Amino acid sequence: MDLDFIKKLYFNSQIKWSAHCLERMQERDIDIEDVGKCIQSGEIIEDYPDDFPNPSCLVFGYNTSEKVIHVVVGTDRTYLYIITAYYPNTDKFMEDLKTRRK
C-alpha cells in the first residue's frame, strides 16, 4: 500500500469509520486526532495485500501525546477504512514496537 495515497484519502475526509472501531478506540482512550497524527507522521510496518474485502496495512506512528500507536487501515481506492487502532506492547512486538514477535 502507498502511504501517500492513504494520507490523501485521510486529509480529503474520504474515511469510513466502523461503529466497532470507534467503540474499541473509546475503550482504549484513542481519539480521532490520534489516528490522524499516526497517519500523518507514520510509516507502514506490515502490508496485507490479500486482506478481504480490501487490501490493508499496519501503520506505526505517534498519537497527539507522542505515544506510539498502531492503526490498521484498508482502502478500496475510493475510501480509507479505519479498521482498528491500539497501543502496541512488547508481548506481541519487539522493543522497537515495530517488529512483530515470532
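Check the entry above for the structure.
Throughout what follows, the structure given in this document is the object of discussion. Only a predicted model underlies this, so the values are computations on that prediction, with no experimental measurement involved. (Residues numbered from 1 in each chain as written. Predicted model: local features only at pLDDT ≥ 70, side-chain atom pairs only at ≥ 80, totals over all residues. Heavy atoms only, no water.)

**Quick notes on the overall build of the protein chain**
The condition is simple: Secondary structure elements follow DSSP: runs of H or I no shorter than four residues count as helices, runs of E no shorter than two count as strands, and numbering proceeds from the N terminus. A radius of gyration in this sense is built from C-alpha atoms; the matching globule rule multiplies 2.2 Å by the number of residues raised to 0.38. For every residue, the accessible area (1.4 Å probe, protein chains only) is compared with the maximum for its type, and the residue is labelled buried under 20%, exposed over 50%, or partly exposed between those bounds. Pairs of residues are marked as contacts when any of their non-hydrogen atoms sit within 4.5 Å. In this tally Asp and Glu are treated as negative and Lys and Arg as positive; neither His nor the chain ends contributes. Just so you know, the charge point we use is NZ for Lys, CZ for Arg, CG for Asp and CD for Glu.
Of the regular secondary structure elements, the protein chain holds three helices and five strands. The secondary structure elements of the protein chain, listed N-terminal to C-terminal, are α-β-α-α-β-β-β-β. Compactness check: the protein chain gives a C-alpha radius of gyration of 13 Å against a globular reference of 13 Å for 102 residues, within 12% of the reference. With the principal axes as the frame, the protein chain shows a C-alpha extent of 35 × 25 × 25 Å. Expressed as a percentage of its 102 residues, the buried residues of the protein chain come to 39%. Sequence separation of 24 or more characterises 48% of the internal contacts of the protein chain that already satisfy a separation of 6 or more. When the 13 positive and 18 negative side-chain charges of the protein chain are each reduced to one mean point, those points stand 2 Å apart.

**Regarding the pattern of salt bridges**
To be explicit about the condition: Salt bridges are identified by distance alone: a Lys or Arg side-chain nitrogen within 4 Å of an Asp or Glu carboxyl oxygen.
The full count for this structure, using the stated rule, is five salt bridges. Its salt-bridge partner being Glu27, residue Arg24 comes within 3.0 Å of it at the nearest N-O pair. Of this pair, Arg24 and Glu27 both sit in helix H2 (residues 19–27), separated by three residues, roughly a single helical turn. Residue Glu27 is classed as exposed on the basis of its relative accessible area, which comes to 56%.

**Remarks on the packing of helix H1 (residues 3–11) against helix H3 (residues 32–41)**
A pair of packed helices can be characterised by two numbers: the angle between their axes and the separation between those axes. The criterion, for reference: Between N-to-C directions, angles cover 0 to 180 degrees, with each direction set by a line fitted to C-alpha atoms, over the stretch in contact for helices. Crossing handedness is defined as follows: a turn of the near helix away from the far one that is anticlockwise and smaller than a right angle gives a left-handed crossing, while the clockwise case is right-handed. Here the term charged refers only to Asp, Glu, Lys and Arg, the term nonpolar to Ala, Val, Leu, Ile, Met, Phe, Trp, Tyr, Cys and Pro, and the term polar to all other amino acids, Gly among them.
As a packed pair, H1 and H3 sit with axes 9 Å apart at the nearest point and diverge in direction by 145 degrees. Here the hand of the crossing between H1 and H3 comes out left-handed. Contacts between H1 and H3 pair Leu3, Ile6, Lys7, Tyr10 and Phe11 from the former with Ile32, Val35, Gly36, Ile39 and Gln40 from the latter. Grouping the amino acids of the contact of H1 with H3 by side-chain chemistry returns seven nonpolar, two polar and one charged.

Purely spatial values, then, with no claim about function.
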